[in-house]
Structure formats: C-alpha cells, structure tokens
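# Structure assessment
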Amino acid sequence: MKSYDLRSDTLTKPPAGMRAAMAEAEVGDDVYGEDPTVRRLEARVAELLGKESALFVPSGTMANQIAILVHTRRGDEVVVGEGTHCMHFEGGAAAAWSGVQFAVVGRGGLFSTEDVLAAIRPKAEHLPQTSLIVVENTHNLGGGRVFPKDECELIGEAARARGLTLHMDGARLWNAAVATGVEPKALAAPFDTISVCFSKGLGAPVGSAFVGSHERVRAARRFRKMLGGAMRQSGVLAAAALYALEHNRARLAEDHAAAHGFAERLVRVPDIEIAPVETNIVLIKTANADAGSIAERAAAQGVLIHAMGPRILRAVTHLDISERDTLQAAELLCGIMAS
C-alpha cells in the first residue's frame with residue numbers, strides 16, 4: 001500500500017546531493033570555534049537575516065530557549081500569541097530553565113501592537129516584569145499563518161520605546177519569505193533576535209540557528225554550552241543546512257501550492273472547517289468527529305496526518321511528497337471523512 005506522509009515537514013530524508021555535501025564537509029572542533037563549515041553556515045545565515053552574527057544549535061527548541069535566557073531574568077513575563085511554540089511545544093522549558101511565565105495575547109497566533117501594550121505590566125514589586133515579546137512566523141497552530149510585516153514593525157517600535165526586546169521564532173521564516181515575496185532580512189529587521197530552522201521545510205536532517213548581535217550571540221554561546229548543545233565536528237550537519245539553504249528555499253512555493261490544492265479538495269466534505277491556507281500547513285477542524293479516530297482510519301489507508309486536538313487535524317506538505325501525491329492523499333481523506 002502506498003503511503004502519503006503529511007504529518008510534518010520534519011519527516012524529509014536527505015537527498016543524494018545533501019548526503020554528498022555532508023560526506024565531503026571540511027570539519028574542525030566547533031567548541032573551539034574551528035569548524036570552517038559551521039562558521040560558513042553561521043555567516044551565511046547572519047547575512048540572509050541582516051544581523052551581525054549567528055550560532056548553530058541542534059534544535060529550534062534550543063534556539064528559542066536560548067533566546068529567552070538571553071533576554072529575560074527569572075520571574076519575568078514574556079508576551080506571546082495563542083499556541084506559540086516556545087510556550088506550547090517545548091516541554092515547559094521556559095519555566096524550567098529561565099523561570100519565566102507567559103502572557104497570551106491576540107487570537108490564532110497573531111496579535112497587534114495594541115494587544116502588546118495592554119499586556120505590558122506596570123513597574124511594581126508585586127508584579128512580574130514584562131521583558132520580551134515573541135512572534136512566531138509562520139505560526140504552526142495558526143495553520144502556517146504569516147505574521148504581517150507591518151505589524152511586526154509597529155510592535156518592534158513599541159517594544160524599543162519601552163525597553164523591551166523582540167524575538168522571532170522563525171522556524172518557518174523561509175516559508176513566510178517565499179509566501180510574501182519579501183526577503184528574509186526584511187522580515188527579520190524589527191527583531192533583536194531570530195531563530196530559524198533547517199530541518200523543517202528546507203529538508204536538512206537536523207539543526208537551527210540563533211541570530212542577532214555579536215553581544216547576544218556571545219551570550220547565546222555560553223547558554224548553548226550550559227544546555228548541552230555545543231558540538232564538535234558539527235560541520236557534517238552544517239553542510240546539510242548550507243545545501244538546504246542553497247537548493248531548497250525557492251522550491252517551498254511548490255509545497256505551498258500543494259497545500260492549497262489539498263485544502264481545495266477537502267472543501268466538499270461536510271461538517272469541517274479549513275483554516276485559510278497561507279503556506280504549507282493545512283488545519284482541518286471537525287464539527288463533531290473525533291480527530292484521533294479520523295487519523296487512525298486515514299493511516300489504515302496510507303494517509304498519515306496528525307491529530308492536533310480532539311477536533312483538529314493537521315496536514316503539512318514538504319519536499320518528500322509531490323503535489324500529485326498530495327492531491328491523491330486528499331481524495332482518500334475526503335472519502336474517509338465523508339463516510
């Protein structure tokens with residue numbers, strides 16, 4: 001039976017060209033700062049995002065948690081949107097490592113400058129102090145929504161005026177750039193720090209980067225060591241990320257087209273609601289049907305999707321499944337959901 005795996009864009013396997021780049025990578029000890037491939041990757045990412053420096057880390061979770069450590073003190077409050085990854089999907093790490101709490105604003109992962117201003121705490125001994133605002137772009141639980149660039153700029157201005165810092169969880173920033181036609185550095189401009197991922201839509205097997213000023217990246221390097229993320233001959237992994245940046249960014253448009261096609265096939269299914277598709281994530285909300293049961297029945301027919309909650313299913317397009325196969329998966333899913 002043919003399998004159509006749409007659970008996540010992290011499921012991709014390195015193609016032959018990427019494997020060759022990994023095998024041929026020039027390496028050194030990155031803990032000593034002597035891995036030339038890692039240094040080349042960090043310089044390239046900093047250039048793409050218009051920042052001074054970057055730090056290669058094993059995961060997006062580590063990049064986000066390093067950002068919180070860099071920007072906050074214990075007892076601080078971090079302003080985030082609904083369902084933000086660093087609050088929802090990182091194992092409670094912000095509470096464990098940084099000792100911070102979250103203030104949730106907006107709806108569906110997006111929020112306005114007014115939302116932020118209303119959430120900022122007054123200066124008082126008996127209140128937590130607001131120190132950081134986190135924007136997730138694109139937003140996973142929001143269905144791959146792109147956070148509007150103009151709003152990010154306004155939020156950045158408001159943050160700076162009040163002595164706050166602004167971090168972007170840009171795990172899928174590459175998708176946002178392709179979807180909007182705006183260069184990554186322009187989307188990153190309002191932010192003090194950014195995290196970006198190489199192992200989602202870009203198809204590398206592992207790795208993310210923390211990006212910002214020289215000073216903040218120096219601080220991040222120490223936190224990376226404390227969290228166990230300092231690696232030795234990690235140029236083998238950095239080579240995969242460099243290959244992904246070179247070969248797989250522009251083709252994200254293909255994933256977006258496949259996601260739109262997938263959603264269009266499902267509109268004829270009764271009693272479901274499909275969130276507007278902006279990038280490579282399709283969120284399907286059922287009126288009454290159990291999402292877990294649908295996912296199980298779909299898997300039995302070779303269609304793998306993710307139950308995100310009792311009534312929410314997620315499908316994610318990626319480079320290892322063609323648009324044709326994505327549409328075939330949609331047809332199978334239509335039959336399952338309509339039965």
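Scroll up to find the structure this text is about.
Below you will find a few notes about this structure. (Residues numbered from 1 in each chain as written. Predicted model: local features only at pLDDT ≥ 70, side-chain atom pairs only at ≥ 80, totals over all residues. Heavy atoms only, no water.)

Here we take up the environment of phenylalanine 111. For phenylalanine 111, the location among the structural elements is in the loop between β4 (101-105) and α6 (113-119). Residues contacting phenylalanine 111, with those up to four places away along its chain left out, are Val80, Gly81, Val105, Gly106, Val116, Ile133, Val134, Val135, Phe147, Glu151 and Ile155. (Helix = DSSP H or I, 4+ residues; strand = E, 2+ residues; numbered from the N terminus. Contact = heavy atoms within 4.5 Å.)

The next thing to look at is helix α2 (residues 36-49). Compared with an ideal rise of 1.5 Å per residue, which puts 14 residues at 20 Å, α2 spans 20 Å between its outermost C-alpha atoms and is within 8% of the ideal. Among the residues of α2, those classed as buried are Thr37, Val38, Leu41, Glu42, Val45, Ala46, Leu48 and Leu49. In this structure aspartate 35 caps α2, since a side-chain oxygen of it lies 3.0 Å from the backbone nitrogen of threonine 37. Within two residues after α2, glycine 50 carries a phi angle of roughly 70°, on the positive side. (Expected span 1.5 Å × (residues − 1). Buried < 20%, exposed > 50% of the residue type's maximum accessible area, 1.4 Å probe, protein only. Polar contact = N/O pair within 3.5 Å; in protein donor to acceptor, adjacent residues only side chain to side chain.)

Pairing is antiparallel in the open sheet, where 4 strands are placed in the order β9-β10-β13-β12. Strand pairing shows two members of the sheet lacking a second neighbour, β9 (272-274) and β12 (306-309), which therefore form its edges. Put simply, the sheet's adjacent strands are angled 30° from each other on average, direction ignored. (Pairing = 2+ DSSP bridges. Axes fitted to C-alpha atoms, helices over the stretch in contact; angles between N-to-C directions.)

So, about helix α10 (residues 214-226). When the terminal C-alpha atoms of α10 are compared, their 19 Å separation across 13 residues agrees well with the 18 Å that a helix rising 1.5 Å per residue should span. When we look at burial in α10, the residues that qualify are Val217, Ala220, Phe223 and Arg224. Looking straight down α10, one finds that the buried residues subtend no more than 115° of arc, so they occupy a single side. The outward face of α10, more than 90 degrees from its buried face, is lined by the exposed residues Glu215, Arg218, Arg222 and Met226. On its buried side, α10 packs onto β2 (53-57), α3 (60-71) and β8 (208-212). Immediately beyond the C-terminal end of α10, within one or two residues, lies glycine 228, with a positive phi of roughly 80°. (Arc of directions from axis to C-beta.)

Core analysis: the largest hydrophobic core is formed by 48 residues, its most contacted members being Leu41, Val45, Ile133, Ile194, Val196 and Phe198. Broken down by element, this core gets its largest block of residues, 7 residues, from helix α11 (residues 235-247). Setting aside chain neighbours within four positions, we find valine 45 in contact with Ala54, Val196, Phe198, Ala209, Val211 and Leu245. (Core = buried A, V, L, I, M, F, W, Y, C linked by side-chain atoms within 4.5 Å.)

One pair of aromatic rings is described through two measures. These are the centre distance and the angle between the planes. Scanning all chains against the criterion turns up 2 aromatic pairs. Seen from their ring centres, phenylalanine 56 and phenylalanine 198 are 6.3 Å apart, and the 45° between their planes marks the pair as tilted. Note that phenylalanine 56 is positioned in strand β2 and phenylalanine 198 in the loop between β7 (193-197) and β8, a separation of 142 residues in sequence. Assigned by exposure class, phenylalanine 56 and phenylalanine 198 land together as buried. Seen in terms of ring centroids, phenylalanine 111 and phenylalanine 147 are 5.1 Å apart; in terms of plane orientation they differ by 70°. Their pairing is edge-to-face. Of this pair, phenylalanine 111 sits in the loop between β4 and α6 while phenylalanine 147 sits in the loop between β5 (129-136) and α7 (149-161), and the two are 36 residues apart along the sequence. Residue phenylalanine 111 is classed as buried on the basis of its relative accessible area, which comes to 6%. Judged by relative accessible area, which is 1%, phenylalanine 147 ranks as buried. (Phe/Tyr/Trp six-rings, centres within 6.5 Å; stacked < 30°, edge-to-face > 60°.)

Honestly, that's just the spatial picture; any functional story needs more than this.
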